[in-house]
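A look at the structure
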Amino acid sequence: MKPIGKLFEELAGEDPLFSELKTRMLLMDWINLVSPVIARHTVVEKVENGIVHVVCDDSLWLTELSLQKDRILQILNEKAGKKMFRDMVFRRGKINGKILG
């Protein structure tokens, strides 16, 4: 009998629904993936075709995260256990219903 984690990994590799579930579960821990400070100023809007779309509350954070993009992608892919994320796109916008910046 296979461990549940191994079974889940196999299903995520074969079925887009399980892959989407794995992506959502991973990004639910955004605060611990990027840090509480960064998480306070950002939110993951969506993931499409391996591209993580992140909303930042001001242009300074947008610039800072653009510089840290490779490091964040590495962290995400390490947590995923494989290369699930290939790029990140940042934009300025609303965080928690407030228009900031």
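What you are looking at is a predicted structure, and each value in this text was computed from that prediction instead of being measured.

**Regarding the layout of surface pockets**
Considering only enclosed or pocket space, the largest pocket measures out at about 160 Å³ in volume. In terms of lining, the largest pocket is formed by Glu20, Thr23, Arg24, Leu27, Met28, Val44, Lys46 and Val47. Taken together, the elements giving at least two residues each to the lining of the largest pocket come down to helix 2 (16-27) and strand 1 (42-48). For the lining of the largest pocket, the class distribution of residues is 4 nonpolar, 1 polar and 3 charged.

**Topic: the pattern of salt bridges**
A complete count under the given rule lists 3 salt bridges for this structure. Two residues, Arg91 and Glu45, come together in a salt bridge whose shortest N-O distance is 2.7 Å. Linking Arg91 in strand 3 (residues 87-92) with Glu45 in strand 1, this pair joins segments that are 46 residues apart in sequence. Of the charged contacts in the structure, one is a salt bridge between Lys46 and Glu48, with a shortest N-O distance of 3.7 Å. With a relative accessible area of 35%, Lys46 lands in the partly exposed category. According to the relative accessible area criterion, Glu48 is partly exposed, its value standing at 39%.

**Overview of the nonpolar core**
Among soluble globular proteins, nonpolar side chains are generally buried collectively. By size, the foremost hydrophobic cluster in this structure holds 20 residues, and its most contacted members are Trp30, Val54, Ile72, Leu76, Phe85 and Met88. Going through the elements one at a time, helix 2, helix 3 (30-34), helix 4 (36-40), strand 2 (51-56), helix 5 (59-80) and strand 3 are the ones with two or more residues in this core. Aside from chain neighbours lying at most four places away, what touches Leu76 is Leu26, Leu27, Leu33, Val52, Phe85 and Met88.

**Some words on the side chain of Thr42**
Secondary-structure assignment places Thr42 in strand 1. Here the side chain of Thr42 touches Trp30 through a polar contact of 2.9 Å, side chain to side chain. Polar side-chain contacts of Thr42 include one of 2.9 Å to the backbone oxygen of Ile38. Excluding residues within four positions of it along the chain, Thr42 makes contact with Trp30, Val54, Val55, Cys56, Leu65 and Ile95.

**Some thoughts on the sheet that holds strand 2**
Strand order in the open sheet made by the 3 strands is 1-2-3, with mixed pairing throughout. The open sheet has two edge strands with one neighbour each: strand 1 and strand 3. Between one strand and the next, the sheet's axes are offset by a mean angle of 25°, whatever the strand orientation. Relative to strand 3, strand 2 is paired through 6 bridges, and the arrangement is parallel. Within strand 3, the position partnered with Ile51 by the bridge is Asp87. Here helix 5 sits on the sheet in contact with strand 1, strand 2 and strand 3, set at roughly 160° to strand 3.

Calculation rules
- Residues numbered from 1 in each chain as written.
- Predicted model: local features only at pLDDT ≥ 70, side-chain atom pairs only at ≥ 80, totals over all residues.
- Heavy atoms only, no water.
- 1 Å grid on protein atoms, 1.4 Å probe; cavity = no way out; pocket = protein on both sides within 12 Å on 5 of 7 lines; lining within 4 Å.
- Points joined across faces, edges and corners; volume = space filled by probe spheres on them.
- Helix = DSSP H or I, 4+ residues; strand = E, 2+ residues; numbered from the N terminus.
- Nonpolar A, V, L, I, M, F, W, Y, C, P; charged D, E, K, R; others polar.
- Salt bridge = Lys/Arg side-chain N within 4 Å of Asp/Glu carboxyl O.
- Buried < 20%, exposed > 50% of the residue type's maximum accessible area, 1.4 Å probe, protein only.
- Core = buried A, V, L, I, M, F, W, Y, C linked by side-chain atoms within 4.5 Å.
- Contact = heavy atoms within 4.5 Å.
- Polar contact = N/O pair within 3.5 Å; in protein donor to acceptor, adjacent residues only side chain to side chain.
- Pairing = 2+ DSSP bridges.
- Axes fitted to C-alpha atoms, helices over the stretch in contact; angles between N-to-C directions.

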